[in-house]
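Coordinate inspection notes
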Amino acid sequence: MGRIVTSSPMQHGSLDTNRIMLLVVAACLPGVLIGTWFFGYGILINISLAVIAALVLEACLVKIRGREPRLYLADNSALVTAVLFGIAIPPGSQWSLLLMGIAFAIVIGKHAFGGLGQNAFNPAMCGYLFLLLTFPLEMTSWHIPNDAIVAGSSFSPIAWQGFLQALLLTFPFLTSDPSGIQATVDGLAMATPLIEFKMAGPNALRAAQENGLSLFARSSQTGWELVNFGYLLGGLFLLFKRIINWHIPVSILATIVVLSILFYAPGSTSIYGTTYLHLFGSATMIGAFFIATDPVSAATTNKGRLVYGIIIGASIYAIRVWGSYLDSIAIAVLFGNFCAPLLDHFCRPRLYGENRPLPTTENLPRAAAENNEPGS
Amino acid sequence: MSQSPHHKSFTARLRAHKIFGGIKPAVYKADALRSRVMPAPLPGNLVLPLLQHQGQPAMAVVEVGQAVLKYQVLAMGNGPLSVPVHAPTSGVITAIADSAVPGFGAQVQRCIHLQADGLDTAAELQPCLDYRALSHLQLLALIDAAGICGLGGAGFPTAEKLRVSIEQGVELLIINAAECEPYISADESLIRERADRVVSGAEILQSVCLAKRCVIAIEKDKADAIEALSTALQDSSIELLVLNSKFPTGGERQIIQAVTGFEVPRGLLPVDAGILVQNAGTAYAVHNAIVEGKPCISRITTLTGSPLQTPKNFEALIGTPVSFLFEMCGIDKSQHTGTIMGGSLMGIELDSDEVPLIKTTNCLLAKSTGEFPDPAPEQACIRCGYCADVCPARLLPQQLYAFSRSEDLDQLEEHGLADCIECGACAYVCPSHIPLVQYYRASKQAIAERDRQFQTSKQWQSRFQFHQYRLKKETTKALDKKLPGAEKTTANEPAQPFSRDQARDEIAAAVRRVAARHSNRTAPSSAKDKAKDKDRH
């Protein structure tokens, strides 16, 4: 008989890698849309460019490595890397910067290690850190359309003009007069509220609020917290869909909460912000729910994931407060990646029946127990 | 009599506990459960493998051409890990030959071929109306003679399991009616219709193994069976425990955890902890064997799958060809792409349908492309850990997979590969469609092969060492007797290439030895001491 005999189990669950990756992208949407609302089209342009470049690169590399590109592109992992990278890169970054970063992420961060499943480090964060080290100035300036920071300005950042402006920022060669754009841009560069806070103290935020910027006004200064709520929403969706386990995000957030409460000094001009600022003032939510949870480079046991989250949470806080780098998520996650193999080795679950005594009330050895039994 | 410590702890713990991991796959039992259990018609030819259980094959005691009666013994048990085989119907033995049996791939084993004469003439049975009149050892002997092995699928000889339980003493007997495989409904239909006989079998089993408590454990999605059981259990001391529906609750160690909340310590057997688990189908077979005197010649098996027009539970004779049973269910051959024996999660795919139904066949599942499409291509492991979340043994399948790929056998052992029960929950949830169980089976084989080689090489090493030791001893003996001056021929020195000078020296030494022997006869002990001194220097 010439049947093809398969191995058990013959039944399979409905979730597959392709769908997981798509759901992760879908979960990014609220954060991305809110980000666009506040910071203009730059994020969308970033993401689109990164996705196109990542898919082309992925196809080429898979081909070079002698594998079937269609099957490997279908796992959508390059898509997720590109989307996360596009979100992390400041909107309005130049195309060359974007391409360099995504190329580093896909070529060095992913395929140099052996492709999906083998990469020791989060590819998107590899690309991001590569840019941060090589182009520190560009990477810490968030270019945003003019009207986004002026309360009550006449047109919104998502209006057509904003799109044009963002596009010209990314592709400065499209206009005959790049200096005009650049001139405006210099005045618009800003950092995340946490960084502002770190640089200028709490006065900056207070000033922004006194200037009439409210939570829902289209202001980049207040927009950050809503963006974080967007990613929190997406993260809860992933948890609800059981795409990610709760261990990593919860331990990261809990560690940040604990540390920020411990070190908070109200009224002082020090750089220790409130817990709320640490959770919603920077990229904490996307880091905790989307970046640190990349399963390939994270610890793989649930116990290990708790420790992994604590390491990342503590690193995030430490780098923000005592370190000299402004953005801490990428560095913290990479640091966690370094620890992951060790955590996998030491944080294994207790196996069924491992170190379990026999079921006696006093845990007597069986023979002794039977000797005590006069009846039998 | 004082209560044993086991009893106390179990009293406190008996309720539906959680098992580690597990999955809740879609369940497809309804089709086969729509009709009642039907007796399958008598096939023309039956094939009875001598090995339908775990252990040694039985020994044929009939000859080719011999006419046999229904229930007659065809093969005797051969040792404790062997169970006899009986004639399912009357007829003539046409052959005792190797033929295809169900198993992994194409497997061939010694089988007795029986041509039915259609009369179904039965040998006289010896029913036992009151089993309480017999001692537990008499009952054990009857069970042994009835050819019963674990009918849940594992096929371990029931009598042997009971004998060990009597020897070691058990506190708790669990009748496993969990039946968590998504397609199998054999036990459910059995209990639904014949709960009283299952209960009677459980009572017999309890009185054989002398367990203080007996619990029938069943998953809560089997409402009809639960109702039938609670009616049947009204006047019984046996308890009913309804468990949560989760695969693989029916695994031996899993059902112990589900019933008692207690884990069988690693490396020990359930019986070491005072627990015996028997399948509900086995209890029914035990009832038949004792109360009706009938040996195990038939079983209830689920025939299901979309190519079958009328899926149902058949009470079929052991030895009935699988293809014959499929015909009885109106199989659509154009749809039929393969056959799984056992469930969709832990079953094995048959190489051919021309194999017999055996004692452990609890389900025959006809595959079709609609229901069982070709497995999706294997993708990279993204270490999501879903597999670890569902593993009932709490292993780390993702790590085991990585070590399997790199053939790191030491790490596989370190991570507890031997504890894998091959339930397939990991592969079921794997989003990258990795056939994990297949990797583990291959790795288990590789470890077994390595251990075997290690044993062989160790054996050869010890033989070689003994050889060396013997040579050395002989040389020392010779040395003891030789002259104190002859130092060149110690066993520790490496063999030198042949040279004339050396040969001359050796001849001279031999002459001296002979001369010395003559002179030493008077005082051998002092010469020995001197030779030892020489060795020390």
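Residues and elements named next belong to chain B. The six strands are arranged β1-β14-β13-β17-β15-β16 in an open sheet whose pairing can be described as mixed. The sheet is open, and its two edges are formed by β1 (38–39) and β16 (348–350), each paired on a single side. Each of β13 (298–304), β14 (312–317) and β17 (363–368) is contacted by helix α5 (residues 186–209), which is oriented at about 120 degrees to β13, the strand it contacts most.

All names here are of chain A. Between helix α1 (residues 17–39) and helix α4 (residues 77–88), whose axes approach to 9 Å, the crossing angle comes to 20 degrees. Overall, the two elements α1 and α4 adopt an arrangement that is roughly parallel. Relative to α4, α1 is oriented so that their crossing is left-handed. Residue-level contacts link M21, V24, V25, C28 and V32 of α1 to S77, L79, V80, V83 and I87 of α4. Here the residues of the contact of α1 with α4 are counted per class, giving nine nonpolar, one polar and no charged.

Bringing the interface of chain B and chain A into the picture now. Accessible area lost upon the coming together of the parts is a frequently used measure of interface size. Facing the 63 residues of chain B at the interface are 46 residues of chain A. Elements that contribute at least two residues to the side of chain B that touches chain A include exactly α1 (5–13), α7 (252–260), β15 (336–341), β16, α11 (397–405), α13 (425–429) and α14 (436–481) of chain B. When residues of the side of chain B that touches chain A are assigned to their parent elements, the largest contribution, five residues, is made by α1(B). Looking at the side of chain B that touches chain A residue by residue, the class counts come to 33 nonpolar, 20 polar and 10 charged.

Residues and elements named next belong to chain B. Looking at chain B, the domain boundaries give domain 1 (30–42 + 120–322) and domain 2 (379–481 + 501–518). If you average the C-alpha positions of domain 1 and of domain 2, the two centres end up 40 Å apart. Taken residue by residue, the interface counts five residues in domain 1 and five residues in domain 2. Class assignment of the residues belonging to the side of domain 1 that touches domain 2 gives a composition of two nonpolar, two polar and one charged.

Glancing now at unusual backbone geometry. S8(A) connects to P9(A) through a cis peptide bond whose omega is -5 degrees. Positionally, P9(A) belongs in the segment before α1. In this model, F247(B) is joined to P248(B) through a cis peptide bond whose omega is 0 degrees. Considering the arrangement of structural elements, one finds P248(B) in the loop between β11 (239–243) and α7. At L210(B), a residue that is not glycine, the phi angle is positive and equals roughly 60 degrees. Following the sequence through the fold, L210(B) ends up in the loop between α5 and β10 (213–219). The class of L210(B) is partly exposed, set by 16 C-beta atoms lying within 10 Å. With a phi angle near 60 degrees, R394(B) is a residue other than glycine that sits in the positive phi range. You can see R394(B) is positioned in the loop between α10 (386–390) and α11. Assessed through the 19 C-beta atoms surrounding it within 10 Å, R394(B) is described here as partly exposed.

Quick look at the pairing of strand β9 (residues 172–177) of chain B now. All names here are of chain B. Most of β9 sits inside the fold, with six of its six residues counted as buried. Burial of β9 is two-sided: the residues L172, I174 and N176 facing one way and the residues L173, I175 and A177 facing the other way are all buried. Examined bridge by bridge, β9 and β10 share six bridges and lie parallel to one another. Across the sheet, residue L172 finds its bridge partner in β10, namely R213. Following the backbone out of β9, through α5 and into the adjacent parallel β10, one traces a crossover that is right-handed. Summarising the sheet, β9 and strand β12 (residues 275–279) pair through five bridges and their orientation is parallel. When the sheet's bridge partners are listed, L172 is paired in β12 with I275.

Our focus in this paragraph is the packing of helix α2 (residues 42–64) of chain A against helix α5 (residues 95–110) of chain A. All names here are of chain A. At a minimum axis separation of 9 Å, α2 and α5 run at an interaxial angle of 40 degrees. One way to sum up the angle between α2 and α5 is to call them oblique. Handedness of the crossing formed by α2 with α5: right-handed. Contacts between α2 and α5 involve N46, L49, A50, A53, A54, L57, E58 and L61 from the former and W95, L98, L99, I102, A103, I106 and V107 from the latter.

Moving on, we come to the sheet that holds β9(B). Residues and elements named next belong to chain B. The four strands lie next to each other as β11-β10-β9-β12, forming an open sheet whose pairing is parallel. The strands lining the two open edges of the sheet, one partner per strand, are β11 and β12. On average, adjacent strands in this sheet sit at an angle of 25 degrees to one another, irrespective of strand direction.

Quick notes on the rules
- Residues numbered from 1 in each chain as written.
- Chains lettered and ligands numbered in written order.
- Predicted model: local features only at pLDDT ≥ 70, side-chain atom pairs only at ≥ 80, totals over all residues.
- Pairing = 2+ DSSP bridges.
- Helix = DSSP H or I, 4+ residues; strand = E, 2+ residues; numbered from the N terminus.
- Contact = placed C-beta atoms within 7 Å.
- Axes fitted to C-alpha atoms, helices over the stretch in contact; angles between N-to-C directions.
- Parallel < 35°, antiparallel > 145°, perpendicular 65-115°, else oblique.
- Left-handed = near helix turned anticlockwise from the far one by under 90°.
- Nonpolar A, V, L, I, M, F, W, Y, C, P; charged D, E, K, R; others polar.
- Domains from an automatic or database assignment.
- Buried ≥ 20, exposed ≤ 12 C-beta atoms within 10 Å, placed from the backbone.
- Right-handed = clockwise from strand over helix to strand, strands pointing away.

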